[in-house]
Amino acid sequence: MMPYFKHDKALVADGAKIGEGTRIWAFVNVQAGAVIGKNCNICDCSYVENKAVIGDDVTIKNGVSVYEGVTIEDGVFVGPNVAFVNDRYPKSRAPWTMEGIRVKKGASLGANSTILCGVTIGEGALVGAGSVVVKDVPAFAIVAGNPARVIGKVGVDGKPVKGKNA
Amino acid sequence: MMPYFKHDKALVADGAKIGEGTRIWAFVNVQAGAVIGKNCNICDCSYVENKAVIGDDVTIKNGVSVYEGVTIEDGVFVGPNVAFVNDRYPKSRAPWTMEGIRVKKGASLGANSTILCGVTIGEGALVGAGSVVVKDVPAFAIVAGNPARVIGKVGVDGKPVKGKNA
Amino acid sequence: MMPYFKHDKALVADGAKIGEGTRIWAFVNVQAGAVIGKNCNICDCSYVENKAVIGDDVTIKNGVSVYEGVTIEDGVFVGPNVAFVNDRYPKSRAPWTMEGIRVKKGASLGANSTILCGVTIGEGALVGAGSVVVKDVPAFAIVAGNPARVIGKVGVDGKPVKGKNA
C-alpha cells in the first residue's frame, strides 16, 4: 500500500519520491525524478517536474507547474496559477541555462504570482496575489506589485506586523 | 438522462447541483457541494469547489479555480487563468479565515486577472486582462492595472461608453 | 502509425492537423480544426482550439490556451500559464467579435504573461514574465510590466544586446 494518496486521475511516474500523508489530486502529473515530502497537498492540474524538490507540509494549489531547478522548502503555500521561471531567456528548441528558485520555509506565494528565475523568497515571506517577483524577497517581508516591492512585514504566524519597528 | 452535458473526461461528484443546458468540459473537476446554474459553459481544466456558487448563463474559460466563498452571479464571463483568492494571509497547513468574493450580474473578468478576497465586482463591470483587483469595482466600471484602477465605463451591452458623462 | 507522439491522457480530435515529431502531453486537448506544425512540444493542461494555428518548432508550456484567432509562427516559446485574449469586450452568452493575435517567428512569451487581442508580437521579441501586453511589440524588443513597455533589445540568439545602439 502506498503511504500517500493518489487520485485515480493523477499521474505519478515510477521513481518519484513522495512522502507519507501527501495527497496528489486529479490531473496532476508528477515526473520520475521529482521529490515531494510528507503531508503535502498537490492540487488539480499541477505538475512537478524531474528534479523539482518540494519539502514537507507544502500546499500547491491548482494549475501550478513546479519545474526543474525550483526548490520549495517545508511549510510553503503556493497559490493557484502561480508560475515559476527557470530560464531567463527562453527560446524554443535552443540550448538553455537553468537558473533556479528557492522558496524558503513557511513562505506563501499568492494566487497568479510570477516568480522569476534566480530569485530566493525568504523565510515566512508573503508574496501578494498577482505580483511579479524579479529579485530576492527578504524573510518575513510582504511584497506586491509588478515588479514586486516590499510593502510590509509579517510575523511567524503569517499575519501583518504593525507599528514602529514593523 | 442528465439535463446537462458532461465531457467523458470531466469529473462531477455526486451531490453537485448543475442546471439544465450546462456544459462541463474535459479535465474539469466539480466537487460535491458545488452549485452551478443553467446554460453555463465550464471549460477545460477548471475547478469548482464545494460551496462555490455559480449562477445561470455563466462562462468559465480554461484553467480557472472557483473556490469556496466565491459567488458568481448570472451572466458573468470569467476569462482563462483568472485566479480567485479566498484567504488574505494564506499559510500552509494552518487554520485560516475564509473571505469571499462576489462577482455581480453580467460582469466580465479578463484573462489572467487576479481577484483578491473580500472584493465585490459590480454589475456589468469589465476587469481588464491581467489586472489585479484589490478593492471593490463599481457597477459598469472598466478597471485595469496592478493594482486595478477605474479607467472607463461600459454600457449594459459591455461596450465602452464615451463622452462627458461616461 | 501517427507521425507525432500523443500521451495516453491527451485528447486530439479527428481532423486536427499535427506535424511530424510533435509531442502532445497529458491533459492537453486539441480540437478538430487546430493546426500544429512539426517538432512542437505542447505541454500538460494546454488547449488548442479550432482554427488556432501553430507553426513548426514551437514550445507551448503547461496551462496555455491557444484560442481561435491566435497565430503562432515558427520557433516561438510560450511560457506556462500565458493567456491569449481574442475578444476585447467579452460578455457571457452574447455575440462577439473575434480579434486575433500574431506571435511572429522566434518570439518568446514569458510565464504568466497576458497578450491582449489585436496585438502582434514582433519577430524574436521577448515578453517578460508576468507582463500584460496591450499593444504591438517591435521585432527583437524586450518588453515588461503592466502595461508592458520596451525595456531593451535582444539579438537573434534571444540574449540581450547591450551598448549604444541597442
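Source: prediction; values computed, not measured. (Residues numbered from 1 in each chain as written. Chains lettered and ligands numbered in written order. Predicted model: local features only at pLDDT ≥ 70, side-chain atom pairs only at ≥ 80, totals over all residues. Heavy atoms only, no water.)

A. Summary view of the domain arrangement of chain A. All names here are of chain A. Taken as a whole, chain A is organised into domain 1 (1-68) and domain 2 (70-166). Of note, the centres of domain 1 and domain 2, computed from C-alpha atoms alone, are 20 Å apart. Contacts between domain 1 and domain 2 engage 18 residues on the former and 17 residues on the latter. For the interface between domain 1 and domain 2, the tally reads zero salt bridges. Only β9 (53-54), β10 (59-60) and β11 (65-66) provide two or more residues apiece to the side of domain 1 that touches domain 2. Classifying every residue of the side of domain 1 that touches domain 2 gives eight nonpolar, five polar and five charged. (Domains from an automatic or database assignment. Contact = heavy atoms within 4.5 Å. Salt bridge = Lys/Arg side-chain N within 4 Å of Asp/Glu carboxyl O. Helix = DSSP H or I, 4+ residues; strand = E, 2+ residues; numbered from the N terminus. Nonpolar A, V, L, I, M, F, W, Y, C, P; charged D, E, K, R; others polar.)

B. View of the sheet that holds β10 of chain A. Residues and elements named next belong to chain A. The nine strands lie next to each other as β1-β4-β7-β10-β13-β16-β19-β21-β22, forming an open sheet whose pairing is mixed. Each end of this open sheet is capped by a strand with a single partner; those strands are β1 (5-6) and β22 (149-153). Examined bridge by bridge, strand β4 (residues 23-24) and strand β7 (residues 41-42) share two bridges and lie parallel to one another. Bridge pairing in β7 places Ile24 opposite Ile42. (Pairing = 2+ DSSP bridges.)

C. Focus on the relation of the copies chain C and chain A. At an RMSD of 0.0 Å, chain C and chain A line up after a rotation of 120° and a shift of 0.0 Å along the axis. In short, the pair behaves as if placed about a three-fold rotation axis. Counting the interface residues of chain C, we find that no more than 19% of their copies in chain A are interface residues as well, pointing to two distinct contact surfaces. (Least-squares fit on C-alpha atoms with pLDDT ≥ 70 in both.)

D. A look at the confidence of the model for chain A. Averaged over every residue, the pLDDT of chain A is 96; residues scoring 70 or more account for 97%. In the predicted assembly, ipTM is 0.96 and pTM is 0.97. (pLDDT = per-residue confidence, 0-100.)

E. Expanded view of the environment of Asn41 of chain C. Summarising the element assignment, Asn41 of chain C is placed in strand β7 (residues 41-42). Since its relative accessible area comes to 15%, Asn41 of chain C is described here as buried. (Buried < 20%, exposed > 50% of the residue type's maximum accessible area, 1.4 Å probe, protein only.)

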